[in-house]
Amino acid sequence: MQMGKRGHIDHLALKVDDEERLQEVRRRLVKAGASDGTITDFGAIRLVSFKDPDGMEGEVARWTNSKRVLGFHERKQETWQD
């Protein structure tokens, strides 16, 4: 769905406190079929994207200790390895 076509909220981000929790949520999202499990690493933030049953996109994010935010072209992606 195109950004802005769902109404006032078309994207949601949820914060987790540590890497262990991010990995747990990642596993659960993959198991539920809501995500391919890819983690995108922007340096200061690591996130896994998902889509809810209504098609709304969201992210679960963990802020790291890095002060540097990588640009979109610099980001690293970690694919799900089951």
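Residues numbered from 1 in each chain as written. Predicted model: local features only at pLDDT ≥ 70, side-chain atom pairs only at ≥ 80, totals over all residues. Heavy atoms only, no water.

Student: An account of the packing of aromatic side chains is needed here, citing residue identities and associated values.
Tutor: Overall, the coordinates contain one aromatic pair when judged by the stated rule. Positioned over the ring face of Phe72 is Arg75, at 3.8 Å from the centre of the ring. (Phe/Tyr/Trp six-rings, centres within 6.5 Å; stacked < 30°, edge-to-face > 60°. Lys NZ or Arg CZ within 6 Å of the ring centre and 35° of its normal.)

Student: Just give me the short version of the pairing of strand E3 (residues 45-51), but keep the residues and values in it.
Tutor: In terms of residue burial, E3 counts as a mostly covered element, since five of its seven residues are buried. Between the antiparallel neighbours strand E2 (residues 39-41) and E3 lie three residues, among them Gly43 with a positive phi of about 85°. Taken together, the seven bridges between E3 and strand E4 (residues 57-63) define a ladder with antiparallel strand orientation. Bridge pairing in E4 links Ser49 to Glu59. What sits between E3 and E4 in their antiparallel hairpin is a turn of five residues, with Gly55 showing a positive phi close to 95°. (Buried < 20%, exposed > 50% of the residue type's maximum accessible area, 1.4 Å probe, protein only. Helix = DSSP H or I, 4+ residues; strand = E, 2+ residues; numbered from the N terminus. Pairing = 2+ DSSP bridges.)

Student: Describe in detail the environment of Ala32, supporting the description with residues and values.
Tutor: Relative to the elements of secondary structure, Ala32 occurs in the loop between helix H1 (19-31) and E2. Overall, Ala32 belongs to the exposed group, its relative accessible area being 61%. In sequence terms Ala32 and Asp52 are 20 residues apart; their C-alpha atoms lie 9.9 Å from each other.

Student: With reference to specific residues and values, describe the pattern of salt bridges.
Tutor: Taken as a whole, this structure holds eight salt bridges when the rule is applied. Arg21 serves as the salt-bridge partner of Glu24, at 2.9 Å between the closest nitrogen and oxygen. In this pair, Glu24 and Arg21 both sit in helix H1, three residues apart, roughly one turn of the helix. For Glu24, a relative accessible area of 27% gives the class partly exposed. Residues Arg46 and Asp41 are paired through a salt bridge, measuring 3.2 Å at the closest nitrogen-oxygen approach. According to the relative accessible area criterion, Arg46 is buried, its value standing at 7%. Assessed through its relative accessible area of 14%, Asp41 is described here as buried. Through salt bridges with shared partners, a single ionic network connects Glu19, Asp41, Arg46, Arg62 and Glu78. (Salt bridge = Lys/Arg side-chain N within 4 Å of Asp/Glu carboxyl O.)

Student: Could you give an account of the side chain of Thr40, with specific residues and numbers?
Tutor: Tracing the backbone through its elements, the reader meets Thr40 in strand E2. One polar contact links Thr40 to Gln77, side chain to side chain, over a distance of 3.3 Å. Residue contacts for Thr40: discarding those within four places in its chain leaves Ile45, Arg46, Leu47, Arg75, Lys76 and Gln77. (Polar contact = N/O pair within 3.5 Å; in protein donor to acceptor, adjacent residues only side chain to side chain. Contact = heavy atoms within 4.5 Å.)

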